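In case you want the letters, here they are:
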Amino acid sequence: QVQLVESGGGLVQPGGSLRLSCAASGSIFSMNTMAWHRQAPGKQRELVARLLIGGSTVYADSVKGRFTISRDNTKNTMYLQMNSLKPEDTAVYYCSAFSTQTYWGQGTQVTVSS
């Protein structure tokens, strides 16, 4: 059983940056896929970025060129570096990990506002 805990969210002004972390209680070395999703008020949860075990990445069009997903297997942690943040990036951000089943974190709030 793997537990995921997100951190790093908060309030930031438009144009600012945040780095989200997703710490796993167990090893993430065997996780085939790790990802960040987000859910804004009144909207469905959407994929933000996905990182496959071989290192390939997929990003939502809305965040390409601004967000970067990465993982550090030695620290059992995944990251989401978010730059040039916009008000429309405001949401609860969730991390997930998949091996034989999908694990989810509880989410961290990101608010982009002046």
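Higher on the page you've got the structure.
These figures come from a predicted structure and were not determined experimentally.

1. Quick look at the packing of aromatic side chains
Each aromatic ring pair is summarised here by two numbers: the centre-to-centre distance and the angle between the ring planes. Under the counting rule described, the total for this entry stands at zero aromatic pairs. The ring of Tyr-94 carries Arg-45 above its face, with NZ or CZ at 3.7 Å from the centroid. Above the ring of Trp-104, the side-chain terminus of Arg-45 is found at 4.8 Å from the ring centroid.

2. Examining the pairing of strand S9 (residues 91-98)
Within S9, six of the eight residues are buried, leaving the element largely enclosed by the surrounding structure. Here seven bridges tie strand S4 (residues 33-39) to S9, and the two strands are oriented antiparallel to one another. Bridge pairing in S9 links Trp-36 to Cys-95. Note that S9 and strand S11 (residues 108-112) share three bridges and pair antiparallel. From the neighbouring strand, Ala-91 faces S11, where its bridge partner is Val-110.

3. Observations regarding unusual backbone geometry
Its identity is not glycine, yet Asn-76 carries a phi of approximately 50°, on the positive side. Mapping Asn-76 onto the fold places it in the loop between strand S7 (67-72) and strand S8 (77-82). With a phi angle near 50°, Ser-84 is a residue other than glycine that sits in the positive phi range. The topology assignment puts Ser-84 in the loop between S8 and S9.

4. Re the sheet that holds strand S1 (residues 4-7)
A sheet is described by the order of its strands in space; here four strands give the open sequence S1-S3-S8-S7, paired in antiparallel fashion. Of all strands in the sheet, those bounded by a partner on one side alone are S1 and S7. Averaged over all neighbouring strand pairs, the angle between strand axes comes to 15°, with direction disregarded. Looking at chain direction, strand S3 (residues 18-24) and S8 are connected through six bridges and run antiparallel. In the strand pairing of S8, Ala-23 is matched with Thr-77.

Rules of the game
Residues numbered from 1 in each chain as written. Predicted model: local features only at pLDDT ≥ 70, side-chain atom pairs only at ≥ 80, totals over all residues. Heavy atoms only, no water. Phe/Tyr/Trp six-rings, centres within 6.5 Å; stacked < 30°, edge-to-face > 60°. Lys NZ or Arg CZ within 6 Å of the ring centre and 35° of its normal. Buried < 20%, exposed > 50% of the residue type's maximum accessible area, 1.4 Å probe, protein only. Helix = DSSP H or I, 4+ residues; strand = E, 2+ residues; numbered from the N terminus. Pairing = 2+ DSSP bridges. Axes fitted to C-alpha atoms, helices over the stretch in contact; angles between N-to-C directions.

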